[in-house]
Amino acid sequence: MTPNAALFFAAGFGTRMGELTRNRPKPLIEVGGTTLLDHALSLGEAAGLGPIVVNAHYRAEMIETHLAGRDLRVLHEADRILETGGGLRNALPLLGPGPVFTMNTDSAWRGPNPFELLRAAWRPDRMEALLLCIPKENAQGHTGKGDFLFDGEGRIAYGPGPVYSGAQIVDPAGLADIGEDVFSMRLLWDRLIERGTAYGLLYPGDWCDVGRPDGLPLAEAILR
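Residues numbered from 1 in each chain as written. Predicted model: local features only at pLDDT ≥ 70, side-chain atom pairs only at ≥ 80, totals over all residues. Heavy atoms only, no water.

Q: Can you tell me about the sheet that holds strand S4 (residues 52-56), naming the residues and giving the values?
A: The seven strands are arranged S5-S4-S1-S6-S12-S8-S13 in an open sheet whose pairing can be described as mixed. Only two strands of the sheet have a single neighbouring strand rather than two, namely strand S5 (73-76) and strand S13 (198-202). Going across the sheet, the axis of each strand differs from the next one's by a mean of 25 degrees, ignoring polarity. Here strand S6 (residues 100-104) runs beside strand S12 (residues 163-170); their pairing, made up of four bridges, is antiparallel. Note that in S12 the partner of Val 100 across the bridge is Val 170. This element, helix H5 (residues 186-194), spans strand S8 (129-134), S12 and S13 of the sheet and lies at about 75 degrees to S12. (Pairing = 2+ DSSP bridges. Helix = DSSP H or I, 4+ residues; strand = E, 2+ residues; numbered from the N terminus. Axes fitted to C-alpha atoms, helices over the stretch in contact; angles between N-to-C directions. Contact = heavy atoms within 4.5 Å.)

Here's what the structure looks like:
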């Protein structure tokens, strides 16, 4: 099945960006003449994705108002943030069956459309996840040691290699076997990596992590 549904993660606590998120959620911070959320959604819309779901928590009403009239659904995680794995499982009734795209909304992209790259590389006969990754030397604004190592066929394992971009295709069927309500996507990845069905794909364009204030000028330079 060719993926088309997408979940955009916009549910956070509003703490990592400091004063910038005192009166607004991080996805509504402006960079390069648009908001971080609109930048991510524009990539999905250009790739013809749908249905599209955006989850929200901190100042969710501002996200709902901002997106009013758009052809998408906003899912308010009102009581608690479910994290990426729990958030995806919570959104499945709106996304429909089969593999889905997910994307974080705190990155800047310049280059090929990440969703189109993932779709072209997706092989459902052997993949249950395909993670779009950034070579460490190209991961602007990212200070970690890297996330994954690739084998010769593109399968991934945890290690100090390319950085996860926040965009992927994943088959959510395995979420049904996870007992927790609040959990990271990593719990699902653990299982898929163990059985050799998690793959990686390198992004050839420019990318910037905008998880902290010092990422904003780097993102502005990419989107200028």
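Q: Describe the pattern of salt bridges, listing the residues and the values that go with them.
A: In a structure, side chains of opposite charge can pair up when their charged atoms sit close to one another. Within this structure, the stated rule accounts for 11 salt bridges. We note a salt bridge from Asp 38 to Arg 70, for which the minimum N-O separation is 3.1 Å. Residue Asp 38 is located in helix H1 (residues 36-46), and its partner Arg 70 is located in the loop between helix H2 (60-66) and S5; the two are separated by 32 residues in the primary sequence. Judged by relative accessible area, Asp 38 falls into the buried class, the value being 15%. Given the relative accessible area of 28%, Arg 70 is considered partly exposed. Put simply, Asp 206 and Arg 110 hold a salt bridge, and the shortest N to O gap is 2.7 Å. Here Asp 206 is found in strand S14 (residues 206-209), whereas its partner Arg 110 is found in strand S7 (residues 107-110), with 96 residues between them in sequence. Residue Asp 206 is classed as partly exposed on the basis of its relative accessible area, which comes to 29%. The class of Arg 110 is partly exposed, set by a relative accessible area of 42%. In the salt-bridge network here, residues are joined through shared partners; they are Asp 38, Glu 45 and Arg 70. (Salt bridge = Lys/Arg side-chain N within 4 Å of Asp/Glu carboxyl O. Buried < 20%, exposed > 50% of the residue type's maximum accessible area, 1.4 Å probe, protein only.)

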